[in-house]
Every structure is written in structure tokens, then in C-alpha cells.
Amino acid sequence: MSAHDVQDRLELEKPFGGQGDPTFKLSNITFSHQGDELTLSATVDIAPDQERSERWLLGLEFSKFDAAAAHPNGTAETHSWFALMAKTNIVEWWHTRKTEPNMPVPPRPIG
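Student: Hey, could you run me through the pairing of strand 2 (residues 23–34) in this one?
Tutor: In the case of a regular strand, side chains alternate between the two sheet surfaces. Summarising the sheet, strand 1 (residues 16–17) and strand 2 pair through two bridges and their orientation is antiparallel. Along strand 2, the bridge assignment pairs F16 with F24. The antiparallel hairpin formed by strand 1 and strand 2 contains five residues in its connecting segment, where G18 sits at a positive phi of about 100°. Relative to strand 3 (residues 37–49), strand 2 runs antiparallel, the two being bridged by ten bridges. Within the sheet, the bridge partner assigned to L26 lies in strand 3 and is V44. In this antiparallel pair of consecutive strands, strand 2 and strand 3, the connection spans two residues, and G35 shows a positive phi of 60°.

Student: How should I be thinking about the layout of surface pockets in this particular structure?
Tutor: Any empty space left between atoms is shown by rolling a water-sized probe over those atoms. In this structure, the largest pocket encloses a volume near 150 Å³. For the lining of the largest pocket, the secondary-structure elements that each account for two or more residues are strand 3 and helix 2 (64–67). A breakdown of the residues in the lining of the largest pocket according to their chemical character gives five nonpolar, four polar and three charged.

Student: Explain the packing of aromatic side chains here, please?
Tutor: Geometrically, a pair of aromatic rings is defined through the distance of the ring centres and the angle of the planes. For the structure shown, the criterion picks out six aromatic pairs. Taken together, a centroid distance of 5.1 Å and an interplanar angle of 15° make the contact between F16 and F24 stacked. Between W93 and W94 the ring centres are 5.7 Å apart and the planes differ by 70°, which places this aromatic pair in the edge-to-face class. W94 carries the same exposure label as W93, and that label is buried. Three or more aromatic residues joined by ring pairs form one cluster here, namely F16, F24, W56, W93 and W94. One residue, R97, lies across the ring of W94, its end atom 3.5 Å from the ring centre.

Student: Honestly, helix 3 (residues 76–96) in this entry has me stumped. Any pointers?
Tutor: Owing to its 3.6 residues per turn, the α-helix brings residues three or four apart onto one side. With 21 residues, helix 3 should reach 30 Å at 1.5 Å per residue; the first-to-last C-alpha distance of 30 Å fits that figure. For helix 3, the set of buried residues is H79, F82, A83, M85, A86, K87, I90, V91, W93 and W94.

Student: I'm lost on the pattern of salt bridges in this one. Help?
Tutor: Opposite charge on two side chains permits pairing when their charged atoms draw close. For the structure on display, the rule yields five salt bridges. In this structure, D49 engages R52 in a salt bridge whose closest nitrogen and oxygen atoms are separated by 3.2 Å. For R52, a relative accessible area of 43% puts it in the partly exposed group.

Student: Just checking my understanding: could you explain the sheet that holds strand 3 for this structure?
Tutor: Strands in a sheet are paired, the pairing made by backbone hydrogen bonds, and the direction either parallel or antiparallel. Taken together, the five strands give an open sheet; going across it, the order is 1-2-3-4-5, and neighbouring strands pair in antiparallel fashion. One side of each edge strand has no neighbouring strand; the edge strands of this open sheet are strand 1 and strand 5 (108–109). Sheet contacts for helix 3: strand 1, strand 2, strand 3 and strand 4 (52–62); angle to strand 4, the most-contacted strand, approximately 125°.

What counts and what doesn't
Residues numbered from 1 in each chain as written. Predicted model: local features only at pLDDT ≥ 70, side-chain atom pairs only at ≥ 80, totals over all residues. Heavy atoms only, no water. Pairing = 2+ DSSP bridges. Helix = DSSP H or I, 4+ residues; strand = E, 2+ residues; numbered from the N terminus. 1 Å grid on protein atoms, 1.4 Å probe; cavity = no way out; pocket = protein on both sides within 12 Å on 5 of 7 lines; lining within 4 Å. Points joined across faces, edges and corners; volume = space filled by probe spheres on them. Nonpolar A, V, L, I, M, F, W, Y, C, P; charged D, E, K, R; others polar. Phe/Tyr/Trp six-rings, centres within 6.5 Å; stacked < 30°, edge-to-face > 60°. Buried < 20%, exposed > 50% of the residue type's maximum accessible area, 1.4 Å probe, protein only. Lys NZ or Arg CZ within 6 Å of the ring centre and 35° of its normal. Expected span 1.5 Å × (residues − 1). Salt bridge = Lys/Arg side-chain N within 4 Å of Asp/Glu carboxyl O. Contact = heavy atoms within 4.5 Å. Axes fitted to C-alpha atoms, helices over the stretch in contact; angles between N-to-C directions.

Following this line, the structure appears as C-alpha cells:
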């Protein structure tokens with residue numbers, strides 16, 4: 001685990017959503033690097049409303065350009081931007097999940 005993985009993980013572990021979106025909480029976050037690409041895998045707990053929650057396994061792939069924001073030499077600002085980008089992709093997936101998959105590996109429910 002590199003220092004930037006720790007920084008990005010800390011940013012990604014903060015709950016997010018609200019105001020028209022469910023609450024999301026990521027855990028079991030891992031990063032894998034293949035060439036210039038980066039894959040973020042995580043368990044996502046989603047609370048669409050106060051009465052129920054769902055758990056999904058999710059993987060996001062980032063191209064060379066986007067993965068560069070998570071580079072070890074990146075600043076705190078670039079790591080925050082990377083976390084925001086990842087969270088935005090998760091919110092977008094949630095709102096479009098019933099139409100057609102918009103991720104290379106479709107998320108799968110686990111609870």
C-alpha cells in the first residue's frame with residue numbers, strides 16, 4: 001500500500017450523498033494498478049431511505065489521465081479531486097443503474 005493509496009482511501013471513506021441522493025459509505029477499498037490504468041474496488045453501503053440499506057461490490061476503472069490524480073507525488077488537492085471524481089461516478093451509476101450498465105464490470109449486490 002502506497003502513501004497515495006492511504007490518502008485517497010481516507011478521502012473515499014467519508015460518507016457522501018444526500019439532497020436527492022442516497023447516503024453512500026465505502027469500505028474495503030483497494031487499488032490495483034495495471035500499466036497506466038487504476039482500478040478502485042470497494043464495498044458500498046447505500047441507504048436509499050431511512051428504512052432500508054443495500055450493499056454492493058463496485059469497481060471503477062480510471063484511465064491514465066484520471067489515474068494521474070492519484071499519483072504518489074500528487075497534492076492534497078489532486079487527491080481530493082480524485083475522491084470527488086470517484087464519488088461522482090458512484091452517484092451517477094446509482095441513478096442510471098436500471099437503464100444500462102455504465103461501468104466495464106457491473107456492480108453486484110451483496111446484501
